[in-house]
Amino acid sequence: MEPFFDTSRENSGSPVWSAVLAEAKERGGLISLGDFVRIALYNPNFGYYTSERNRAGGCGADFYTAASMKRKIFSRLIRAAAIGEFSKRGLGENNFKIVEIGSERANPMFHDSAKIFLGDAIRLPDTCAVVSNELLDAQAFERFRFEGGVWKKTFLSIAKSGDKILSDIVLKPAEPKDSDFLNRFYSRARVEGFSIDSSSDAREIFKRICSIPWKGILLFFDYFRTCRELCLLPNGTGRTYKRHSQGENIAESPGETDITFSPCSDEFSEIALEAGFKNIVLETQESFIIRRAGSEAEKIISSKDPFDPDKRELAELMSPAHMGAAFRVLSAERF
C-alpha cells in the first residue's frame, strides 16, 4: 500500500468509513480519491468541515491560519491593502464592501464584512473586495499519475473485512478532457510515475466567483504553487494536518483530520483572465504585506515596546520561516 493511502490501522465503524464503503459498493468497490476526500471533508453530517470542531488556532486545533491569530493583524493588513487599492481610483471605504468567502463561522476575519460561508450561495455586491484565506486548498482534489505514456486517474478499491478496512490503489485512464487539461498545464510532469493533485471543485468555486459581474479587487491567500513548481514535486501535494502535525496518509482518521493540497496558481490565473480581470499577480504573503500594506505594517513596527504582541504577530505573518513564504497571494482587479 502506498503511504498516502494506508488503511491498515483504520476501523470500519466510523460514520465516514460507513459512508465511503456504501459509496464504493454502489460503484463496484471503487471510489475516486476525490470522492473519498469529498466525503471525509464535506459529508453534511460528519465531514471535517461540516462538523463542530476546533480546526484552526492554538491548543487542541489542527492547524494555524493567518486569520485564526488572536490580534487580527492579518485582517488589519488586508483592510489597509483594500483601502489603498480603491483609493487609487478615487473610491473611499464607503464605496466598497469587503466580502470574505469560506471563513470559519466562529472566527470570521472581519467583524463588518459580508460573509459567505462554505455551502452558502455566492452573491456579491456591485463593488467589493473579495477576500479568501485557504478556501481553495480545502476542496476535494483528484490525483493523476503519468504511467505508460498516458495520464491515469487514481481510484481506491475499498472493502470491509471484519472491523478493518481493506484498500488498494487502482489507476484508470483519465478522461480525454482531464488528459487535455493536464497536458496543457503540466507538460513537464509527463514523466513515468509522476503524480499531480488538482481540484475541479476549487476551479468551479473560483469560476462562480469570477463570473458574477462585480467590480473591484480579488485577494486569495493560499498554499499556491505554480505549474513549474508542482512539476518538480513527483509525489503530489496531498497531505493531512492533525494537532499541528503534517502527515501523508490521507486515509488516517477521515472526518477527524484536515486533508489539503497545494492549488496551482496558473489554473486560477487563467480563469480570472478569461473573466476580464487584469493585473493578475502571484506573490508571497511577505511581499504582499510590504507592497500593498506597508504603511500599516510600519505603524505596527514603530511600537517601542519590544514585547508588543502586534509586532510578534506581524513577524509571524511576514517571516519567510513561517507564513511569509509558505502562503502566497493571488490578486487581481476588475474595474
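Just above, that's the structure.
The text that follows walks through the structure, step by step, so that each part is easy to find.

Calculation notes
- Residues numbered from 1 in each chain as written.
- Predicted model: local features only at pLDDT ≥ 70, side-chain atom pairs only at ≥ 80, totals over all residues.
- Heavy atoms only, no water.
- Helix = DSSP H or I, 4+ residues; strand = E, 2+ residues; numbered from the N terminus.
- Contact = heavy atoms within 4.5 Å.
- Axes fitted to C-alpha atoms, helices over the stretch in contact; angles between N-to-C directions.
- Parallel < 35°, antiparallel > 145°, perpendicular 65-115°, else oblique.
- Pairing = 2+ DSSP bridges.
- Nonpolar A, V, L, I, M, F, W, Y, C, P; charged D, E, K, R; others polar.

Side note on the side chain of S179
Here S179 shows up in helix α4 (residues 176–185). Not counting the four nearest positions on each side in its chain, S179 is found in contact with W151 and A174.

Considerations on unusual backbone geometry
Notably, K72 is not glycine yet its phi reads approximately 60°, a positive angle. Residue placement: K72 occurs in the loop between α2 (33–42) and α3 (73–87). A positive phi angle, close to 50°, is found at N279, a residue other than glycine. Relative to the helices and strands, N279 is located in strand β13 (residues 278–284).

Thoughts on the packing of α4 against helix α7 (residues 265–274)
Two numbers describe how α4 lies on α7: the axes approach to 11 Å, and their chain directions differ by 100°. Relative to α7, the element α4 is oriented roughly perpendicular. Packed against α4, whose contacting residues are F181, R184 and F185, the element α7 presents D266, E267 and E270 at the interface.

Some points on the sheet that holds strand β10 (residues 239–242)
Spatially, three strands are ordered β11-β10-β12 in an open sheet, and the strand pairing comes out antiparallel. Strands at the two margins of the open sheet, each flanked by one partner only, are β11 (245–247) and β12 (258–260). Ignoring strand direction, the axes of neighbouring strands in this sheet form an average angle of 30°. The pairing of β10 with β12 spans three bridges and is antiparallel. Opposite Y241, over in β12, you have D258 as the bridge partner.

Things to note about the packing of helix α8 (residues 285–301) against helix α9 (residues 309–318)
Axes are the key here: two packed helices are described by the angle between their axes and the distance separating the axes. Where α8 contacts α9, the two axes come as close as 11 Å, and the packing angle between them is 170°. Put simply, α8 runs roughly antiparallel to α9. Together, Q285, E286, I289, I290, A297, I300 and I301 of α8 and D310, K311, L314, L317 and M318 of α9 make up the contact between the two elements. Split into classes, the residues belonging to the contact of α8 with α9 amount to eight nonpolar, one polar and three charged.

Here's the deal with the sheet that holds strand β3 (residues 114–116)
Read across the sheet, six strands follow the order β3-β2-β4-β9-β14-β13 without closing on themselves; strand pairing throughout is mixed. With partners counted over all chains shown, the strands left at the sheet margins are β3 and β13, one partner each. The sheet shows a mean angle of 15° between the axes of neighbouring strands, taken without regard to direction. Bridge count between strand β4 (residues 127–133) and strand β9 (residues 215–222): seven bridges; the pairing is parallel. Across the sheet, V131 pairs through a bridge with L219, a residue of β9. Together, β2 (97–101), β4, β9 and β14 (328–334) form the strand contacts of α3, whose direction differs from that of β9 by roughly 150°. Strand contacts of α7: β13 and β14, with the helix running at about 160° to β13, the strand carrying the most contacts.

Side note on the pairing of strand β6 (residues 150–161)
Along any regular strand, the residues point their side chains to alternate faces of the sheet. The pairing of strand β1 (residues 30–32) with β6 spans three bridges and is antiparallel. Each residue of the ladder has a partner; that of L30, found in β6, is S157. Here four bridges tie strand β5 (residues 142–147) to β6, and the two strands are oriented antiparallel to one another. Its bridge partner lying in β6, R145 is registered against K152. Taking the residues between adjacent antiparallel strands as the criterion, β5 and β6 are bridged by two residues, where G148 takes a positive phi near 60°. Summarising the sheet, β6 and strand β7 (residues 164–173) pair through 10 bridges and their orientation is antiparallel.

So far we have only geometry, and geometry alone does not tell us how the molecule works.
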